[in-house]
Amino acid sequence: GQQLNQSPQSMFIQEGEDVSMNCTSSSIFNTWLWYKQDPGEGPVLLIALYKAGELTSNGRLTAQFGITRKDSFLNISASIPSDVGIYFCAGSTSGTYKYIFGTGTRLKVLA
Amino acid sequence: DAGITQSPRHKVTETGTPVTLRCHQTENHRYMYWYRQDPGHGLRLIHYSYGVKDTDKGEVSDGYSVSRSKTEDFLLTLESATSSQTSVYFCAISVGQGSPDTQYFGPGTRLTVL
């Protein structure tokens, strides 16, 4: 099935560093969502984006809706150990109620 | 958590047995979804529902059926479980006014088929 390309697949970073990850698609999306998943739990919504070029923050997290509408970016500033987890992007087109999910970026933070 | 519960949270069953997973929501949202999550595949849509008795297939629907007789409950049934259906199953709801809406997930059900 169709999936988004999410990169990097995994990353180790030092506590305090900034983190960047992105998702790209061959399709144009009207909505992008970013989730974080901790082990043994369901994905938790972090940020929702609804307009090309939109930049939205949630605490230390900032996400952007790419102007081509085929990509999105998530940045985490000054990472802390609890940022560890898997981050997923999801995209959807207008008129549908279905989302396509990326395969995730596994983040590990070294104290 | 958007008022979503899933039951059971863990289940071990044998190949060939039927299995039903339940998703319950408390806020009367119209759209509900079942996904499976496997390493390397992310979340893949199995079935979704857009109202009572209204359901449609997702990308990995073979071997699964669903039912929604009440707004608050969405059931996923494996008619005859196979080892390839060992996975973590997540229910989600769609929240919002527009199309598409944001999605919120339940805590998941870990299913092991021996």
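(A) Local environment of the state of the cysteines. Using the criterion set out here, one finds 2 disulfides over all chains in the structure. Between A:Cys23 and A:Cys89 runs a disulfide, and the two sulfur atoms are separated by 1.7 Å. Of note, the bridge from A:Cys23 to A:Cys89 carries an S-S torsion of about -90° and is left-handed in sense. Separated by 66 residues along the polypeptide, A:Cys23 in strand E3 (residues 19-24) and A:Cys89 in strand E9 (residues 85-92) bring together distant segments of the chain. What pairs with B:Cys23 in a disulfide is B:Cys91, and their sulfur atoms sit 1.8 Å apart.

(B) Local environment of the environment of B:Thr77. All names here are of chain B. One can find Thr77 in strand E8 (residues 73-78). Looking at Thr77, the relative accessible area reads 16%, which means it is buried. Once residues lying within four places of it in the same chain are set aside, the contact partners of Thr77 are Val19, Thr20, Gly63, Tyr64 and Ser65.

(C) Local environment of the interface of chain A and chain B. Between chain A and chain B, the residue contacts involve 26 residues of the former and 26 residues of the latter. With both sides pooled, the region where chain A packs onto chain B buries about 1900 Å², and carbon together with sulfur makes up 56% of that total. The largest share of the area that chain A buries against chain B comes from A:Tyr97, A:Tyr99 and A:Phe101, three residues that together contribute 34% of it. If you look at where chain A meets chain B, you find 0 salt bridges. Viewed at the interface, chain B and chain A are joined by 2 residue pairs in polar contact (both at pLDDT 80 or more). Counting residues per element, the side of chain A that touches chain B draws most heavily on strand E4 (residues 31-37) of chain A, at 4 residues. In terms of residue class, the side of chain A that touches chain B is made up of 10 nonpolar, 14 polar and 2 charged.

(D) Geometry of the pairing of strand E11 (residues 105-110) of chain A. All names here are of chain A. Side-chain alternation along E11 places Thr105, Leu107 and Val109 on a buried face and Arg106, Lys108 and Leu110 on a face that remains uncovered. Strand direction decides the pairing type here: strand E2 (residues 10-14) and E11, joined by 5 bridges, are parallel. Within E11, the position partnered with Ile13 by the bridge is Val109. Of the pairings in the sheet, the one linking E9 to E11 comprises 3 bridges and is antiparallel in character. Within E11, the residue paired with Ile86 across the bridge is Arg106.

Cut-off values and rules
Residues numbered from 1 in each chain as written. Chains lettered and ligands numbered in written order. Predicted model: local features only at pLDDT ≥ 70, side-chain atom pairs only at ≥ 80, totals over all residues. Heavy atoms only, no water. Disulfide = S-S within 2.5 Å. Helix = DSSP H or I, 4+ residues; strand = E, 2+ residues; numbered from the N terminus. Buried < 20%, exposed > 50% of the residue type's maximum accessible area, 1.4 Å probe, protein only. Contact = heavy atoms within 4.5 Å. Buried area = accessible area lost by both parts, 1.4 Å probe. Salt bridge = Lys/Arg side-chain N within 4 Å of Asp/Glu carboxyl O. Polar contact = N/O pair within 3.5 Å; in protein donor to acceptor, adjacent residues only side chain to side chain. Nonpolar A, V, L, I, M, F, W, Y, C, P; charged D, E, K, R; others polar. Pairing = 2+ DSSP bridges.

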